[in-house]
Structure formats: structure tokens, C-alpha cells
Amino acid sequence: MPAEQRQGEAAAAASGPGDGAQPPPQRRRHSALQATLAGAISGAVTRATLSPLDVIKIRLQLQLEPVSHTKVATWGHSSKYKGILHCLRVIVREEGVRGLWKGHVIGQMLSVSYCSVQFPVYQTLLRKLRAEFPAHKDSAMLNGLAGGMAAATASFAVYPFDILRTRFSAQGQKMHYQSLPHAVSDMFREGGIRAFYKGLAPTLLNISPSAALQFGYYNLFKSLSDSLVNHKSLRPFDSHLESASVVLSHLGAGTLAGVLSKLTLLPLETVKKRLQVQGFEVARQEFGRTVAYSGMLHCIALIYKLEGLRGFFKGGAISLLKSAAVTAVTFVVYDFVLDTLPSLIPDDDDSK
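Note that the structure is a prediction, hence the values are computed from the model and not measured.

Chemist: Describe empty space enclosed by the protein, listing the residues and the values that go with them.
Modeler: Each pocket or cavity is described by its volume, and for the second largest cavity that value is around 150 Å³. Looking at the second largest cavity, it is lined by 16 residues, and the ones nearest its centre are L62, L64, V277, R284 and T290. A breakdown of the residues in the lining of the second largest cavity according to their chemical character gives 7 nonpolar, 4 polar and 5 charged.

Chemist: Pulling in residues and values, what's your account of the layout of surface pockets?
Modeler: For the second largest pocket, the calculated volume is near 210 Å³. Lining the second largest pocket are 13 residues, with Y197, K198, G199, S294 and G295 positioned closest to its centre. Per element, the largest residue contribution to the lining of the second largest pocket is 3 residues, and it comes from helix α7 (residues 200-229). Within the lining of the second largest pocket, the residues separate by chemical class into 7 nonpolar, 4 polar and 2 charged.

Chemist: With reference to specific residues and values, describe the environment of G96.
Modeler: Topologically, G96 is positioned in the loop between α3 (84-95) and α4 (104-132). Take G96: its relative accessible area is 24%, and that puts it in the partly exposed class. Sequence-wise, G96 and Q173 are 77 residues apart; in three dimensions their C-alpha atoms are separated by 9.5 Å.

Chemist: How would you explain the pattern of salt bridges if you had to name every residue and give the values?
Modeler: This structure, assessed with the given rule, holds 17 salt bridges. A salt bridge links K57 to E269; its shortest N-O distance comes to 3.1 Å. Of this pair, K57 sits in helix α2 (residues 32-62) while E269 is found in helix α8 (residues 239-276), placing the two residues 212 residues apart along the sequence. Exposure remark for K57: the relative accessible area of 2% places this residue in the buried category. Look at E269 and you get buried, because its relative accessible area is 8%. For the salt bridge of K198 with E190, the shortest nitrogen-to-oxygen distance reads 2.6 Å. For K198, a relative accessible area of 24% gives the class partly exposed. Through salt bridges with shared partners, a single network forms among R47, D54, K57, D162, R165, E269, K272, K273 and K322.

Chemist: Could you give an account of the confidence of the model for the protein, naming the residues involved and the relevant values?
Modeler: Caution is warranted with low-pLDDT regions, since their predicted coordinates should not be read in detail. Predicted confidence across the protein gives a mean pLDDT of 77, with 72% of residues reaching 70 or more. The lowest-confidence element of the protein is helix α1 (residues 3-15), averaging 48 in pLDDT; the highest-confidence one is α3, averaging 93. Low pLDDT (under 50) marks residues 9-15, which in the prediction has 30 contacts with non-local residues, meaning those over four places away or in another chain. Across residues 17-28, confidence stays below pLDDT 50; counting only partners more than four residues off in sequence or on other chains, it has 39 contacts.

Chemist: Would you mind going over the side chain of K314 in detail, with residue names and values included?
Modeler: Within the secondary structure, K314 sits in the loop between α9 (296-307) and α10 (316-340). A polar side-chain atom of K314 sits 2.9 Å from the main-chain carbonyl oxygen of E65. Within the local environment of K314, its side chain forms a polar contact with the side chain of E307, the two groups lying 2.7 Å apart.

Chemist: Could you give an account of the packing of aromatic side chains, with specific residues and numbers?
Modeler: Evaluation of the coordinates by the stated rule reveals 5 aromatic pairs. Ring centres of F156 and Y197 lie 5.6 Å apart, and the angle between their planes is 35°; this geometry places the pair in the tilted category. Linking F156 in helix α5 (residues 140-170) with Y197 in the loop between α6 (180-191) and α7, this pair joins segments that are 41 residues apart in sequence. Ring pairing ties together the aromatic residues F156, Y159 and Y197, which thus form one cluster.

Cut-offs applied
- Residues numbered from 1 in each chain as written.
- Predicted model: local features only at pLDDT ≥ 70, side-chain atom pairs only at ≥ 80, totals over all residues.
- Heavy atoms only, no water.
- 1 Å grid on protein atoms, 1.4 Å probe; cavity = no way out; pocket = protein on both sides within 12 Å on 5 of 7 lines; lining within 4 Å.
- Points joined across faces, edges and corners; volume = space filled by probe spheres on them.
- Nonpolar A, V, L, I, M, F, W, Y, C, P; charged D, E, K, R; others polar.
- Helix = DSSP H or I, 4+ residues; strand = E, 2+ residues; numbered from the N terminus.
- Buried < 20%, exposed > 50% of the residue type's maximum accessible area, 1.4 Å probe, protein only.
- Salt bridge = Lys/Arg side-chain N within 4 Å of Asp/Glu carboxyl O.
- pLDDT = per-residue confidence, 0-100.
- Contact = heavy atoms within 4.5 Å.
- Polar contact = N/O pair within 3.5 Å; in protein donor to acceptor, adjacent residues only side chain to side chain.
- Phe/Tyr/Trp six-rings, centres within 6.5 Å; stacked < 30°, edge-to-face > 60°.

Put into C-alpha cells, the structure is as follows:
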């Protein structure tokens with residue numbers, strides 16, 4: 001498989017949810033089944049490893065009060081969560097260590113289903129785009145476009161899992177939803193099918209440019225790191241050391257790509273989370289003040305009015321940390337699994 005295509009697939013995976021070795025000498029195309037399995041496995045591993053970061057991020061993003069240790073006169077009381085470490089300590093003290101994995105099961109369903117939809121769509125779109133524009137078949141633009149469109153398609157397809165994951169993670173000591181069936185039935189009574197798509201508009205506005213930006217940043221940083229690793233004066237003498245340096249450089253490129261793409265679009269992520277818990281105020285009362293938003297523009301206006309520009313970047317530090325970790329882990333795991341699968345499952349060329 002061309003290195004550019006594998007980078008694009010991994011970049012697409014991390015957007016929801018690197019090229020860990022130098023590309024093989026021959027140009028191979030992995031099967032849709034191999035890409036789907038690699039995407040699903042990378043999504044599951046990433047979610048299981050980094051779930052606590054996600055829970056903390058969601059709690060901070062949903063808090064209207066400032067993430068600060070000082071009492072603010074405007075609100076009349078201190079904030080429940082005063083920072084990342086304080087949030088971690090409060091969750092463990094009040095809900096136990098298991099509280100850091102709230103919504104994990106539904107989160108796994110989200111990751112696996114998201115990647116399982118995204119990767120086949122990405123491959124299909126990329127083949128069509130390459131056939132339409134053969135002169136640019138390996139360009140970052142086509143890979144980024146295919147990644148963005150695939151991410152938007154997958155986001156829409158699995159969005160109900162996303163909103164359920166957010167609501168389960170947002171629950172405190174008092175569990176409003178006792179089980180997944182209870183949550184589904186309660187939400188359906190709340191607003192029918194539309195209740196499962198609250199916050200979809202900012203999600204779609206966010207996900208496509210996020211995937212495109214992530215691939216663009218990754219491609220740039222990977223090219224720079226490859227130039228350094230392959231420079232004669234810097235190339236390690238031992239082949240094992242050289243392979244390790246390539247993995248580490250690509251890991252760094254994936255990390256930087258995740259941080260910069262997340263920072264660019266963080267305000268839309270905050271708006272999305274606020275809209276996802278509309279109608280869920282009964283489970284949010286122990287966390288502080290709640291506000292009703294009538295839609296995306298109203299949400300943006302109220303966040304700015306009540307919280308200022310800083311309100312759009314609540315949970316920013318943990319969000320960037322999580323994004324960097326998710327991107328790096330996904331790149332490495334996806335490429336490792338994709339390189340391992342041909343020995344277990346024949347690809348398109350081997351089956352002929």
C-alpha cells in the first residue's frame with residue numbers, strides 16, 4: 001500500500017477517534033476487510049487506554065462555572081471542578097476509579113463502529129478520487145478530502161452512540177441512566193429520533209476540517225521527520241535503531257498533528273458537548289448551574305455572554321492532551337495491525 005494512503009487512513013481514524021514503519025518496496029493495496037479490522041482494533045485499543053482523559057474532558061467542557069480555584073461573584077459559588085488534577089481527584093473520591101471509565105462500553109461501541117464505517121468509505125472515496133484525478137493520486141489534498149468526507153459519513157452514521165457516550169460520562173454519583181436500554185428509551189421519550197442527533201450541526205462542521213487538518217499537519221511533520229531520520233549524518237548504523245527512530249519520529253508527527261488540529265476547532269467541540277446534554281439537566285444539577293440552549297447559534301451566543309471567549313476553551317488542556325495521545329496511539333496501532341493482518345487474512349492481490 002502506498003505510504004500516503006496509509007497515512008491518510010490513520011489520520012482519518014484519529015479524527016474521530018502513523019505510519020510506524022517504512023513502506024514496503026512494492027505498492028500494495030490492502031483489502032477493505034483488512035482496513036476495517038485494523039481501524040476497529042485501533043479504535044478499541046485507543047478508547048480503552050485513554051477513557052479517563054475523555055471523561056475529565058467532558059466534565060470540564062460541560063461546566064458553566066470557571067475552571068478555577070477562586071469564587072466568582074457572577075456565579076455566587078465556587079466551581080465543582082477547579083482544574084484537571086482536581087477533577088481527577090473529585091471523580092475518584094466521589095465515584096471511585098470506575099468513574100473514570102463511565103460510558104466506556106458505549107464509547108467502545110462508538111469507536112469500533114466509527115472506524116468500521118470510516119475506513120471502507122475512505123478507501124472507496126480515495127479510489128474514485130484517484131481515478132478522477134490521476135495526476136494527483138498521491139497528493140495530500142486527495143487524501144485529506146477523502147479522509148474528511150469519510151469522517152463526516154461515519155460521524156453521521158454512529159452519532160447516537162456519541163451522544164449516549166457523552167451523557168453516560170456526564171453522570172455523577174447519582175446515575176440517571178441505569179443501563180443502555182434505559183438511556184435509549186428515556187431519550188426517545190424525550191424527543192424521539194431527533195434526541196439522538198442533538199449537536200449534530202457543530203459535529204459535522206468540526207469533523208471534516210478536523211480530519212483534513214489532521215492529515216495535512218501529519219503529512220507535513222512526517223515529511224520533516226523523515227528528512228531528518230534519513231539524513232546521512234543522522235541515520236543510525238544499526239537497522240533496528242533505524243526502525244525504532246522511524247517509529248518514534250512518526251509518533252511525534254502524529255502527536256503534533258492531533259494537537260494542532262484539535263486546537264484549531266476546539267470551540268465547536270465545546271458547543272457540541274453542551275448541545276448533547278440538552279434535556280439532561282436532571283442529571284447535571286449536582287455539577288452546578290445549567291442553561292437551556294435552543295440551537296447552535298443560541299449556544300454560541302450564551303457561552304460568549306456568560307463565560308466569555310474562555311468558555312469555548314474549557315477543558316482545552318486535557319482536550320489537547322487527549323487528542324495528541326489518541327492520534328499517536330491510533331497511528332501506531334493501526335499501522336502495526338495493518339502490517340500484521342496480511343499474514344492472517346489475504347488481501348486483494350493475494351486472493352487472486
